[in-house]
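Survey of secondary and tertiary structure
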Amino acid sequence: MQFDLQAFLENARVPYKAHFLTSLPQADFTGFRLAAPAECDFSATPTADGAALLLCVKAQVEAECARCLEPLQRNYDFQREYLVRPQDVEDPDFELPCSKKGCLDLEELVYQELIFEVPTVLLCSPDCQGLCPVCGKKKAAGCTCRPADSAAPADARLSILKQLLS
Ligand SMILES: [Zn+2]
Ligand SMILES: [Zn+2]
């Protein structure tokens, strides 16, 4: 979905509003995907020296816990505001995804903001203990491995140290 930002900056006297859904099928998210199309509201309002843009995004994200690989879902609901002046559109460093003709790609903008909003490491819970290094089961599910199994090498080093000290 394209928004003619340049034309809006030149002529607009009244606000512009758009509501759209996007599933971003071409998007490459690192570590997560959209469970359903993201629900977006975009508005542009003329200001004294340009325009105020507002983007609201509601998205449901699916991923696997980075520690235990359990599937998880998270809801994101955020908004971003941008103040744009006419000279920004021609600026090569302009932060918004804008074509040479001054058209703003709203889906690309949603994608950029989602990447920014969703952490690259998602956990099923902040204190997820991950998987047992011995049996590969979830530690929280209570594997039967004794702590001694994995602690053995440390104990061996400790006993050498004790010998050296005595
Ligand atoms: Zn987990
Ligand atoms: Zn285990």
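Note: the structure precedes this text.
This write-up is about the structure you can find in this document. (Residues numbered from 1 in each chain as written. Chains lettered and ligands numbered in written order. Predicted model: local features only at pLDDT ≥ 70, side-chain atom pairs only at ≥ 80, totals over all residues. Heavy atoms only, no water.)

**Quick notes on the coordination of the zinc ion (ligand 1)**
As a reminder of what qualifies: Metal donors: N, O and S atoms at distances within 2.8 Å, or within 3.2 Å for Na, K and Ca, with water omitted from the atom set so that some sites may seem incomplete. Here the metal geometry follows the donor angles, with tetrahedral for four donors whose angles all fall between 85 and 135 degrees, square planar for four and octahedral for six when opposite donors are more than 155 degrees apart and every other angle is between 65 and 115, and irregular for all the rest. Under the scheme applied here, a residue whose accessible area is under 20% of the maximum for its type counts as buried, over 50% as exposed, and between as partly exposed, the area being computed with a 1.4 Å probe on protein chains only.
Donor atoms from the polypeptide that bind the zinc ion (ligand 1) are C65 (SG), C68 (SG), C124 (SG) and C128 (SG), placed at 2.3 Å. One way to put it: the four donor atoms around the zinc ion (ligand 1) meet at angles of 105 to 114 degrees, and that makes the site tetrahedral. Of note, the zinc ion (ligand 1) draws all its donor residues from one chain, in the sequence arrangement C-x2-C-x55-C-x3-C. Judged by relative accessible area, C124 falls into the partly exposed class, the value being 28%. Overall, the relative accessible area of 8% leaves C128 in the buried class.

**Examining the coordination of the zinc ion (ligand 2)**
Only C132 (SG), C135 (SG), C143 (SG) and C145 (SG) from the protein reach the zinc ion (ligand 2) as donors, at distances of 2.3 to 2.4 Å. Each of the four donor atoms bound to the zinc ion (ligand 2) contributes to angles spanning 104 to 114 degrees, and the resulting shape is tetrahedral. Counting the intervening residues between successive donors of the zinc ion (ligand 2) yields the motif C-x2-C-x7-C-x1-C. With a relative accessible area of 21%, C143 lands in the partly exposed category. A relative accessible area of 23% places C145 in the partly exposed class.

**Concerning the pattern of salt bridges**
Where charged atoms from two side chains of opposite charge come close, those side chains can pair. The criterion, for reference: The working definition used for a salt bridge is a side-chain nitrogen of Lys or Arg within 4 Å of a carboxyl oxygen of Asp or Glu.
Under the criterion given, the structure shown has five salt bridges. Salt bridges sharing partners connect three or more residues here, namely R33, E62 and E64.

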